[in-house]
Amino acid sequence: MSRILLVVSGSVAAYKALELTRLLRKAGHEVSPILTAGGARFVTKEALAGISGARVHDDLWAAEAEIGHIRLARWPDLVVVAPASANMIARMANGLADDLASTVLLATRAPVLVAPAMNPAMWAHPATQANMAALRARGVAVAGPEEGAMAEPESGPGRLVEPATLAATIGAMLADGPLKGRHVIVTSGPTQEAIDPVRYIANRSSGKQGHAIAAALAALGARVTLVSGPVAQPDPAGVTVRRIESAREMLAAVQAALPADAAIFAAAVADFRPEAAPTQKIKKEPGAPPPEIRLALNPDILATVAQHATLRPRLVVGFAAETETVVQHATAKRLRKGCDWIVANDVSGDVMGGAENAVHLVTEAGVEDWPRLPKEEVARRLAARVAEALG
Ligand code: C5P
């Protein structure tokens, strides 16, 4: 059972906060609601109090007299803002503290999950997108919004995630399991290396395997930081996602996420980047020969972390994508990079972007050949082994 502070802000979708509260209590959690002035336009304090079985806080100064906003901010294991209106998101992004909800959100050290709900045009507005980027960069988890029927005759994303889905996401974030209290960093996807402002070098990695690993670790209760290159995969539930483009940005994001108990490097990092990326688009000059691109070596993120003098995670796992003599190369790679395990896969077929993976786990003890499995199952087995190794 966990303690959830539920901030209900002003959106037509506020009625769904009642169903969310019901589901969270059914799952055994304690829910303490904060209702903003906008939220109170759509749902009553009495309804929220009745369904949560708790006192509804809606006034900064009354809360101050009763328990104090700092105590309220320290109480939860998780703060959920659902629905999060454009205004609520803007106030959070800018650190405003002009009512009880924003003050508590500024004062809390608990993880925060935001579920936006608003008109699609308001969601798409650069101001809202910039505010969301700021929240994400600070480690706020985000669920939705979804596309679908809206109160207005407009379409596009803006709809609050369904209460059942939201409850599942919250469940994953609060999951109890063998990795509870552990922090694991996972890298996933390709990196993009700029040639000029509009062109880049990349590879075919889909991020499927890395994202599945992050989800499987979170399901075992780990706090997961997923550092991902540009992919089309949705953010796994209950995982903090840091989006980057280049290998150098990936290294910086991984280093910023340390310390960790384990780190799994599933990203297909570009080995090379164009040495210089001009700030202007390279022009095609009539009659002139095509430009030459000189490459520079990218940092090896796995090797850097595996050989870190002070912050090396207890367990460091690398991947090896090979097209020939897979195990032999992987065994050499394990030693060369200084990691504990290598998950070796043969990418000569349709593995990149495909749904299945046949891997070999190379450890100090030897080589295990796993059968060809869906990537989710490879992820579950690997997460279980990580849990075992961390004890
Ligand atoms: O050397 P190779 O690219 O085959 O190594 C693959 C492993 O090293 C993967 O785990 C990959 O995520 C990691 N790697 C990295 N940084 C690089 C290159 C590879 O972290 N620059």
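Keep in mind that this is a model prediction, so the values were computed, not measured.

Caption draft 1: Seen up close, the site of the ligand. Around the ligand, the structure places Phe 265, Ala 267, Val 269, Asp 271, Pro 299, Asp 300, Ile 301, Leu 302, Gly 318, Phe 319, Lys 333 and Lys 337. Between Pro 299 and the ligand, the recorded distance is 2.7 Å, taken from a backbone N or O atom to a nitrogen atom. The side chain of Lys 337 places a nitrogen or oxygen atom 2.9 Å from an oxygen atom of the ligand. For the ligand, the accessible surface in isolation is 450 Å², of which the surrounding protein chains cover 87%.

Caption draft 2: Up close: the layout of surface pockets. Here the largest pocket is characterised by a volume of approximately 900 Å³. Contributions of two or more residues to the lining of the largest pocket are made by helix 10 (208-219), helix 12 (301-306), strand 16 (315-322) and helix 13 (326-337). When its residues are assigned to classes, the lining of the largest pocket shows 19 nonpolar, 12 polar and 6 charged. Within this model, the second largest pocket holds a volume of roughly 590 Å³. Around the second largest pocket sit 26 residues that line it, and Pro 111, Met 173, Arg 223, Val 224 and Thr 240 are the ones nearest its centre. Elements supplying a minimum of two residues to the lining of the second largest pocket: helix 9 (163-173), strand 11 (223-228) and strand 12 (240-243). The element best represented in the lining of the second largest pocket is strand 11, accounting for 3 residues. Here the lining of the second largest pocket is built from residues that sort into 12 nonpolar, 8 polar and 6 charged.

Caption draft 3: Highlighting the UniProt feature "binding site: CTP" (unreviewed entry) in the protein chain. As annotated by UniProt and renumbered to match this structure, "binding site: CTP" (unreviewed entry) occupies Asp 271, Lys 281, Pro 299, Asp 300, Ile 301, Leu 302, Phe 319, Lys 333 and Lys 337. For the residues just named, distributed over 67 residues, the greatest C-alpha separation reaches 37.6 Å, placing them at more than one site. Checking the annotated residues one by one, the ones that line the largest pocket turn out to be Asp 271, Pro 299, Asp 300, Ile 301, Leu 302, Phe 319, Lys 333 and Lys 337. Its location among the elements puts Asp 271 in the loop between strand 13 (262-265) and strand 14 (272-274). The contacts of Asp 271, once residues within four sequence positions are left out, are Ala 296, Leu 297 and Asn 298. Checked against the element boundaries, Ile 301 lands in helix 12. According to the relative accessible area criterion, Ile 301 is buried, its value standing at 3%. For Ile 301, the residues in contact, after removing those within four places along its chain, are Ala 247, Met 250, Leu 251, Val 254, Phe 265 and Val 269.

Caption draft 4: How the structure looks around the pairing of strand 19 (residues 359-363). Strand 19 sits mainly inside the fold: 5 of its 5 residues count as buried. Here strand 19 shows two buried faces, one formed by Val 359, Leu 361 and Thr 363 and the other by His 360 and Val 362. With 4 bridges connecting them, strand 17 (residues 341-346) and strand 19 associate as antiparallel partners. Pairing of Ile 342 across the sheet is with Val 362, part of strand 19.

Caption draft 5: Fine view of the packing of helix 5 (residues 86-93) against helix 6 (residues 100-107). As a packed pair, helix 5 and helix 6 sit with axes 10 Å apart at the nearest point and diverge in direction by 40 degrees. Regarding the angle of helix 5 to helix 6, the classification is oblique. Pair helix 5 / helix 6 crosses with right-handed handedness. Two secondary-structure elements touch here, helix 5 through Met 88, Arg 91 and Met 92 and helix 6 through Ala 101, Ser 102 and Leu 105. The residue inventory of the contact of helix 5 with helix 6, partitioned by class, reads 4 nonpolar, 1 polar and 1 charged.

Caption draft 6: Inspection of the packing of helix 1 (residues 16-26) against helix 9 at higher detail. For the pair helix 1 and helix 9, the least separation of the axes is 9 Å and the interaxial angle reads 45 degrees. The orientation of helix 1 with respect to helix 9, classified from their angle, is oblique. When you trace helix 1 past helix 9, the crossing you get is right-handed. Here Lys 16, Glu 19, Leu 20, Leu 23 and Leu 24 of helix 1 lie close against helix 9, whose contacting residues are Pro 163, Ala 164, Leu 166, Ala 167 and Ile 170. For the contact of helix 1 with helix 9, the residue count by class is 8 nonpolar, no polar and 2 charged.

What counts, and where the lines are drawn
- Every chain's residues receive numbers from 1 upward, in the order its sequence appears when written.
- Totals for whole chains, interfaces and linings use all residues, but because this is a predicted model, local features are given only for residues with pLDDT of at least 70 and pairs of side-chain atoms are given and counted only at 80 or more.
- Water and hydrogen atoms were dropped before computing side-chain values, which therefore reflect all heavy atoms in the structure.
- One heavy atom suffices: a residue is near a molecule or strand as soon as one of its heavy atoms comes within 4 Å of it.
- Under the rule applied, a polar contact is a pair of N or O atoms within 3.5 Å (in protein, one hydrogen donor and one hydrogen acceptor; residues adjacent in sequence only if both atoms are side-chain atoms).
- Residue exposure ignores everything except the shown protein chains as possible cover, and the areas themselves are Shrake-Rupley values with a 1.4 Å probe.
- Only protein atoms enter the 1 Å grid used here, on which a cavity is any set of points holding a 1.4 Å probe that cannot leave and a pocket is any open set flanked by protein within 12 Å on both sides along at least five of seven lines; residues with an atom within 4 Å of a point are listed as lining.
- Grid points are joined across faces, edges and corners, and a volume is the space filled by probe spheres set on the points.
- For the purposes of this entry, the term helix denotes a DSSP run of H or I that reaches at least four residues, the term strand denotes a run of E that reaches at least two, and both are numbered from the N terminus.
- Nonpolar residues are Ala, Val, Leu, Ile, Met, Phe, Trp, Tyr, Cys and Pro. Charged residues are Asp, Glu, Lys and Arg, and all others, Gly as well, are polar.
- UniProt positions are given in the numbering used here, feature names are shortened, and annotations may be inferred rather than shown by experiment.
- In what follows, residue pairs with any heavy atoms lying within 4.5 Å of each other are defined as contacts.
- Relative accessibility decides the category of a residue: with a 1.4 Å probe and only protein chains considered, values under 20% of the type maximum give buried, values over 50% give exposed, and everything between is partly exposed.
- For two strands to be treated as a pair, DSSP must find at least two bridges joining them.
- Axis geometry follows a simple rule: fit a line to the C-alpha atoms, using only the stretch in contact for helices, then measure angles between N-to-C directions, giving values from 0 to 180 degrees.
- In what follows, roughly perpendicular refers to angles from 65 to 115 degrees, roughly parallel to angles under 35, roughly antiparallel to angles over 145, and oblique to any angle outside these ranges.
- It is the rotation of the near helix from the far one that decides the hand of a crossing: anticlockwise by less than a right angle makes it left-handed, clockwise makes it right-handed.

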